[in-house]
Amino acid sequence: MMKMESKVAPLDAKLSMAHIYVAFIALALGGTAGLLQTLVRSGQFQLPAGIGYYQLLTVHGVLLGLVLTTFFIVGFLFAGLSKTSGTLSDKVRRSGWIGFWLMTFGTSLTASAILTGKASVLYTFYAPLMAHPTFYIGLALVVVGSWVSGIAMFIHFAKWKKQHPGKASPLLSYMAIATMILWLIATLGVAATVLIQYIPWSLGFVDTIDVLISRTLFWYFGHPLVYFWLLPAYMAWYVIIPKIIGGKIFSDSLARLSFVLFLLFSIPVGFHHQLTEPGIAPSWKYLQVILTFLVIIPSLMTAFSMFATFEMYGRSKGATGLFGWFRKLPWGDARFFAPFMGMLIFIPAGAGGIINASHQLNQVVHNTIWVTGHFHLTVATTVLLTFFGIAYWLIPHLTGRIMTKAMNKLAIVQTIVWVIGMTFMSSAMHFAGLLGAPRRSSFSTYGDSAQALDWIPYQVAQAVGGSILFIGIILIIVIVTNLAFFAPKGETEFPIGEVEEAAEKTPMILENWKLWVGIIVVLILVAYTVPFIEMIQHAPPGSKGFNHLL
Ligand code: HEM
Ligand SMILES: [Cu+2]
């Protein structure tokens, strides 16, 4: 097929790169904040110039959790759609740019509120902490911008479908659309709370806010948010990695089915973040925890599929014995090595996630720095190392350059540095959390209490890890800058895997989005309607805003 060999058209490449630049600027700034946080929490360092700890942590959470991820993902999805479903039409591309500028303008509004000290409310912005209205308005613009881009992607995909009736869509495009459907459904919750609750309240149109409802709408969004981060990483694992190692995609149908299951099981489960919250009956928490655990099924399907691809490839290269194939993998190729280390870290990360989601065990770790340790393994390692692995071929593909051997070596070093730094920082966070150390708090010995003194060695280890990670940040910025501006000109492949010949044909029911979206809506209604009505009927008095500037 000619299309498969094509390049992303230059105009589409520009759109995609614009997103990627913002993402890596966010990484550089957010990573610096992260380093400072670990230094503060070691007890050896104080923030200069009146910068507050919460202010710093808000910068870190918003830039890395929200800006880096969303921009990188939208950029990657546009590139993937352009590559596998054809060049974007002018209209679709223009909508992509409108989306980009809305998101960028929104980010700068939110950032100015945080930097001027008027929005130290952390990236979850829990009420009744109240920020300056521009913080929420900026966030709303980021969401609306992402919708404009998302809808443009749907239009592009619908056009492909129309031109290819009865055919299974390109796998990468299918996955991009699944990811965007997840994002659109999930962001309805955060948009509702920001537009209906936070903005009128912060502008002073209403006096009080219903805290439980705001938190419920936030977590209706907050959990699928993590799948919005993960699915693009899975896109790379399922479709890109097989090509990079020279193997085949194990099964197209299994890949699509796992995406559908992720979509179904990642939305109606927000209560697992609210297990300690009053006002939600235990039976509804129980239901949502069960739905949470169902996500283990597509996760294990993904793991199985990846290792099947690796083993099939190794054996085709003559590997023998149970694990002989392991040595045949291209360890020297950063495009493979970085995501592979991400997959490896996902094993302990996923195990930690099962602990978090279990009601009883959650009581032990809730709001401790264990949780922070957990998501630095998932999003800041598994997802991020995979995104780095994508950047190593996507950026040179889009800018018409090649990654030199030297840069590839540096990228291998970057991966190792990241894994070592994260092992220090994240392990220390997990252990300190088990000893009761709270997350989201500056350094304190709590009046020299024995328990708090026990945490200090771990906090020093966090700072050691944080410093190593910061070297990793410098390295990735050097590599990305090189790939975008200085690397030698040339052609870089956009790797798209092919399906194993023996694989079953893809059933068309997997393309039936009306059906899947219908099932998601039903699941959401089952999981949320009754508890939500109860929250409204038995609502406590609302809360006034708390704002240290008032
Ligand atoms: C240089 C690398 C990094 C370092 C040293 C670092 C360090 C930290 C520390 C110490 C905290 C917790 C502070 C506290 O609760 O008091 C934290 C929180 C957080 N980090 Fe990182 N981090 C790094 C990279 C990342 C990356 C790459 C991401 C996301 C992709 C990320 C996302 C977050 C989020 C979402 C929070 C939670 C903020 C909150 O609780 O409001 N971090 N980080
Ligand atoms: Cu969750």
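Residues numbered from 1 in each chain as written. Chains lettered and ligands numbered in written order. Predicted model: local features only at pLDDT ≥ 70, side-chain atom pairs only at ≥ 80, totals over all residues. Heavy atoms only, no water.

**Q** Looking at this structure, how should I read the coordination of the copper ion (ligand 2)?
**A** Angles at a metal have ideal values that depend on geometry: 109.5 degrees with four tetrahedral donors, 90 or 180 degrees with six octahedral donors. Protein coordination of the copper ion (ligand 2) is provided by His 223 (ND1), His 272 (NE2) and His 273 (NE2), with donor distances spanning 1.9 to 2.0 Å. Each donor residue of the copper ion (ligand 2) lies on one chain, and together they are spaced H-x48-H-H. On the basis of relative accessible area, His 272 is assigned to the buried category, the value being 9%. With relative accessibility at 25%, the residue His 273 sits in the partly exposed group. (Donors = N, O, S within 2.8 Å, 3.2 Å for Na, K, Ca; no water. Buried < 20%, exposed > 50% of the residue type's maximum accessible area, 1.4 Å probe, protein only.)

**Q** Would you take a moment to explain the packing of helix 9 (residues 282-294) against helix 10 (residues 296-316) for this structure?
**A** Any two packed helices are characterised by how steeply their axes cross, that is the angle between the axes, and by the distance between the axes. For the pair helix 9 and helix 10, interaxial distance at closest approach is 5 Å and the crossing angle is 10°. Taken together, helix 9 and helix 10 sit at an angle that is classed as roughly parallel. Each of Thr 292, Phe 293 and Leu 294 in helix 9 lies in contact with helix 10, whose residues at this interface are Ile 296, Ile 297 and Pro 298. Residue composition of the contact of helix 9 with helix 10, grouped by class: five nonpolar, one polar and no charged. (Axes fitted to C-alpha atoms, helices over the stretch in contact; angles between N-to-C directions. Helix = DSSP H or I, 4+ residues; strand = E, 2+ residues; numbered from the N terminus. Parallel < 35°, antiparallel > 145°, perpendicular 65-115°, else oblique. Contact = heavy atoms within 4.5 Å. Nonpolar A, V, L, I, M, F, W, Y, C, P; charged D, E, K, R; others polar.)

**Q** Looking at this model, I keep getting lost on the site of ligand 1. Mind explaining?
**A** The environment of ligand 1 is made up of 27 residues, and the closest members are Arg 41, Tyr 53, His 60, His 376 and Arg 440. The contact in question runs from a nitrogen atom of ligand 1 to an N or O atom on the side chain of Gln 37, over 3.5 Å. Of all the elements in the fold, those that place two or more residues in the shell around ligand 1 are helix 2 (10-41), helix 3 (53-85), helix 13 (369-399), helix 14 (405-434) and helix 15 (450-486). In terms of residue class, the shell around ligand 1 is built from 15 nonpolar, nine polar and three charged. (Near = heavy atom within 4 Å. Polar contact = N/O pair within 3.5 Å; in protein donor to acceptor, adjacent residues only side chain to side chain.)

**Q** Looking at this structure, how should I read a nonpolar patch on the surface?
**A** On the surface, Tyr 21, Ile 25, Leu 29, Phe 485 and Phe 486 cluster together into a nonpolar patch covering about 550 Å² of accessible area. Those elements that provide at least two residues to the nonpolar patch are helix 2 and helix 15. Top element by residues in the nonpolar patch is helix 2. It accounts for three residues. Summarising the element assignment, Ile 25 is placed in helix 2. (Patch = residues over 30% accessible without salt bridge, like charges linked within 9 Å, V, L, I, M, F, W, Y side chains within 5 Å. Areas by Shrake-Rupley, 256 points an atom, 1.4 Å probe, with all protein chains shown as cover. Salt bridge = Lys/Arg side-chain N within 4 Å of Asp/Glu carboxyl O.)

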